[in-house]
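Each chain, letter by letter, is given below.
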Amino acid sequence: MADHDHIVDVHAHLFPTGLPDLGAYTGDPRWPTLVIGDESGRIMCGDSIFRKVQPPLWDLSARLAELDAAGVTTQVVSPIPVTLTYWADSDPAVRFARALNDALASEVAASHGRLIGLGTVPLQDVGASIDELTRIMTDLGLRGVEIGTIIAGRELDDPQLRPFFAAAQALGAVLFVHPMDGGTGVIRRGGQPYDFGIGMLTDTAVAATGLVFGGVLDEFPDLKIVLAHGCGAYPWTYPRLRMAAQLGGHGDVERLDELTRKLWVDALVFDPAHLKLLVHRFGAGRVMVGTDHPFVPGQLAGVPGIVHAAVACGDITVADATAILGGNAIEFLKVGVSAT
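If you're wondering where the values come from, they're calculated on a predicted model, not measured in any experiment.

Let us look at the environment of Gly-232. With respect to the element layout, Gly-232 can be found in the loop between β11 (224–227) and α8 (234–247). Given a relative accessible area of 4%, Gly-232 falls into the buried group. Separated by 34 residues in sequence, Gly-232 and Ile-198 place their C-alpha atoms 8.7 Å apart. Not counting the four nearest positions on each side in its chain, Gly-232 is found in contact with Leu-201 and Thr-204.

Pasting the structure below:
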C-alpha cells in the first residue's frame, strides 16, 4: 500500500491489564485500577466507579478488529488521563509509570506494527521524568509520552519544567498534550455538557497558550508537540490572544504566527467546517486524524468521514485530506506503517 492509502489515528487510549494496585499498597483511593468482567470492565478509584469501559481498551484482539472494520491502518495509543498521577508522591508515581510503560510497550510489540506507543512520566518529579523518558526512548521502543495540560498546579511554561522539555527535544520524543479529565478548574460550571463540551477545550487552549506565548517553543523550537481535540479552543481564540499580546507591548505578530504553526493537532472536532480553520491556523501539514478511541462512539470511522466531507464542501483540498488521513502522521512519527 502507498502512504496515501493509510489512515493513521494519533489519538487513542489503552489501559493495559496487570498494573500494580497502588491504592491497596498506599491506602490512597485515587489510584486507578482496571476490573474486567465477562463482557465489559470498570476503571475503579478505590471503591468508586470512575468509568465503565469496553474490551478494546485493554484487549488487543478486540482493538485490532475495530481498527480493521474502520479501515484504520495504524494507531497511536497513549494512557488515559486518570493514569497521569501528578498528585502522587514521587516513589509510587515512578513505580506506576514504569509498570504502565512496560505494559504499553508489550502491547505495542504484540501488535506487529499496528500500534505505536506513547508512555507516561511522573512530571511532579522532573528528574525522575527525564530518567523515565530516556528509558522509554532508548529501551522500550515507545515514541514519546502523553502529558497533561497542567502538572500538579504548574502550567506548561513553568520554568521548573524546562529541563524536561530540553530532554524531550534532545531525544526527539513526541509529546502528546491531553486535557485532564473534564478540564476541572478552568470553567465555572462542571458536569455535562460543560466538562466535555467547554472545559476540555478551554484546558487545552490554556496549555497551548503557555507553549506559544510563555516561551517554551521559543526556547525549544524543535519540540515535537501535538495537542488533542484540534488544540481545543486555541484556533478560535488565537487572534484575540495575539491582539492582547500586542496591546501589552509583547506581540511580535509574525513570530507568534510562526510559533503557533510549530504545533501539531488532531482533527477530532466533530464538524468538517472546523477543519478549514485548523488548516488555516496550523497548516495542512500539521493536522492528523485523532479519534479518542475507544471512548467517543463512532469516531474511529467518523473522523476520516469528516475529512472527506470537508473536501466535498470545498473547505480543504484532496491533497490536504490525504496528508491529514495518514501522510502527516507518518512524517511526524518518522515510522513506516503496516498493512491491515
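Now, onward.
Attention now moves to the environment of Ile-225. Locating Ile-225 in the fold gives a position in strand β11. On the basis of relative accessibility, which here comes to 1%, the residue Ile-225 falls in the buried class. Every residue in contact with Ile-225, bar those within four places of it in the chain, is listed here: Leu-175, Val-177, Leu-211, Leu-217, Lys-262, Leu-263, Trp-264 and Phe-332.

Using the criterion set out here, one finds 2 cavities of 30 Å³ or more in the structure. Estimates place the volume of the largest cavity at around 50 Å³. Lining of the largest cavity is provided by Thr-83, Leu-84, Thr-85, Tyr-86, Ala-93, Phe-96, Ala-97, Thr-120, Val-121, Pro-122 and Gln-124. Residues that form the lining of the largest cavity fall into these classes: 7 nonpolar, 4 polar and no charged. Reported here for the second largest cavity is a volume of approximately 40 Å³. Around the second largest cavity, the lining residues are Val-10, Val-76, Leu-118, Val-174, Phe-176, Val-226, Met-288, Phe-332 and Leu-333. Secondary-structure elements contributing two or more residues to the lining of the second largest cavity are β10 (174–178) and α12 (318–333). Of the residues in the lining of the second largest cavity, the class split is 9 nonpolar, no polar and no charged.

Bringing the sheet that holds strand β3 (residues 41–45) into the picture now. Here 3 strands make up an open sheet; going across it, the order is β2-β3-β4 and the pairing antiparallel. Each edge of the open sheet is held by one strand with a lone partner, namely β2 (32–36) and β4 (48–53). Neighbour-to-neighbour, the strand axes of the sheet open up by a mean angle of 25°, direction not taken into account.

Our next topic: the packing of α8 against helix α10 (residues 272–282). Contact geometry for α8 and α10: axes closest at 10 Å, N-to-C directions at 50°. Regarding the angle of α8 to α10, the classification is oblique. Residues Tyr-234, Pro-235, Trp-236, Tyr-238 and Pro-239 of α8 touch α10, and the partners they reach there are His-274, Leu-277, Leu-278, Arg-281 and Phe-282. Classifying every residue of the contact of α8 with α10 gives 8 nonpolar, 1 polar and 1 charged.

Okay, unusual backbone geometry next. In the segment running from Gln-192 into Pro-193, the intervening peptide bond is cis, with an omega of 10°. Position of Pro-193 relative to the elements: it lies in the loop between β10 and α6 (194–213). A positive phi angle, close to 70°, is found at Phe-270, a residue other than glycine. Relative to the helices and strands, Phe-270 is located in the loop between β12 (264–266) and α10.

Moving on, we come to the nonpolar core. Phe-164, Phe-165 and Leu-263 are the most contacted members of the largest nonpolar core, which has 88 residues in total. With 7 residues, helix α3 (residues 90–110) is the largest single contributor of residues to this core. With 15 residues, the next largest nonpolar core counts Val-76, Phe-176, Ala-228 and Ile-330 among its residues.

This paragraph deals with the sheet that holds β10. Strand order across the open sheet formed by 8 strands is β1-β5-β6-β7-β10-β11-β12-β13, with parallel pairing between neighbours. On the outer flanks of this sheet lie β1 (8–13) and β13 (287–288), each paired with one strand and no other. By the bridge criterion, 2 bridges tie β11 to β12 in an arrangement that is parallel. The residue of β12 that forms the bridge with Val-226 is Trp-264. Together, β10 and β11 form the strand contacts of α6, whose direction differs from that of β11 by roughly 155°.

Moving on, we come to the pattern of salt bridges. Tallying each qualifying case throughout the model produces 10 salt bridges. Between Arg-98 and Glu-132 there is a salt bridge, and its shortest N-O distance comes to 3.4 Å. Placement of Arg-98 in helix α3 and of Glu-132 in helix α4 (residues 126–140) is noted, with a sequence separation of 34 residues between them. Judged by its relative accessible area of 37%, Arg-98 falls in the partly exposed class. Each member of the salt-bridge network shares a partner with another, and the members are Arg-98, Asp-102, Glu-132 and Arg-135.

Mapped onto the fold, His-178 is located in strand β10. Side chain to side chain, His-178 and His-11 meet in a polar contact 3.3 Å long. Excluding residues within four positions of it along the chain, His-178 makes contact with His-11, His-13, Pro-81, Glu-146, Ile-147, Gly-148, Thr-149, Met-200, Ala-228, His-229 and Asp-292.

The rules behind these values
Every chain is numbered on its own, with residues counted from 1 as its sequence reads. Local features in this predicted model are restricted to residues whose pLDDT is 70 or higher, and side-chain atom pairs enter the listing and the counts only when it is 80 or higher, whereas totals over whole chains, interfaces and linings include all residues. For side-chain calculations, the full set of non-hydrogen atoms in the structure is used, while hydrogens and water are omitted. Helical segments are the DSSP runs of H or I of at least four residues, strand segments are the runs of E of at least two, and each set is numbered from the N terminus. Each residue is assigned to one of three classes by its accessible area relative to the maximum for its type, calculated with a 1.4 Å probe on protein chains only: buried under 20%, partly exposed between the two thresholds, exposed over 50%. In what follows, residue pairs with any heavy atoms lying within 4.5 Å of each other are defined as contacts. Buriedness of a pocket was judged along seven lines, with at least five required to meet protein on both sides within 12 Å; pockets are open sets of points on a 1 Å grid over the protein atoms alone, cavities are sets where a 1.4 Å probe fits but cannot get out, and lining residues have an atom within 4 Å of a point. Grid points are joined across faces, edges and corners, and a volume is the space filled by probe spheres set on the points. In the scheme used here, Gly and all other residues not listed as nonpolar or charged are polar, with Ala, Val, Leu, Ile, Met, Phe, Trp, Tyr, Cys and Pro taken as nonpolar and Asp, Glu, Lys and Arg as charged. At least two bridges found by DSSP between two strands are what make those strands a pair. Each axis is a line fitted through C-alpha atoms, taken for helices only over the stretch in contact, and angles between the N-to-C directions span 0 to 180 degrees. An angle counts as roughly parallel when it lies under 35 degrees, as roughly antiparallel when it exceeds 145, as roughly perpendicular when it falls between 65 and 115, and as oblique in every other case. The criterion is simple. A nonpolar core is a set of buried Ala, Val, Leu, Ile, Met, Phe, Trp, Tyr and Cys residues joined through side-chain atoms within 4.5 Å. Salt-bridge detection follows one rule: a side-chain nitrogen of Lys or Arg within 4 Å of a carboxyl oxygen of Asp or Glu. Two N or O atoms form a polar contact when they lie within 3.5 Å of each other; inside protein one atom must be a possible hydrogen donor and the other a possible acceptor, and for residues adjacent in sequence the pair counts only when both atoms belong to side chains.

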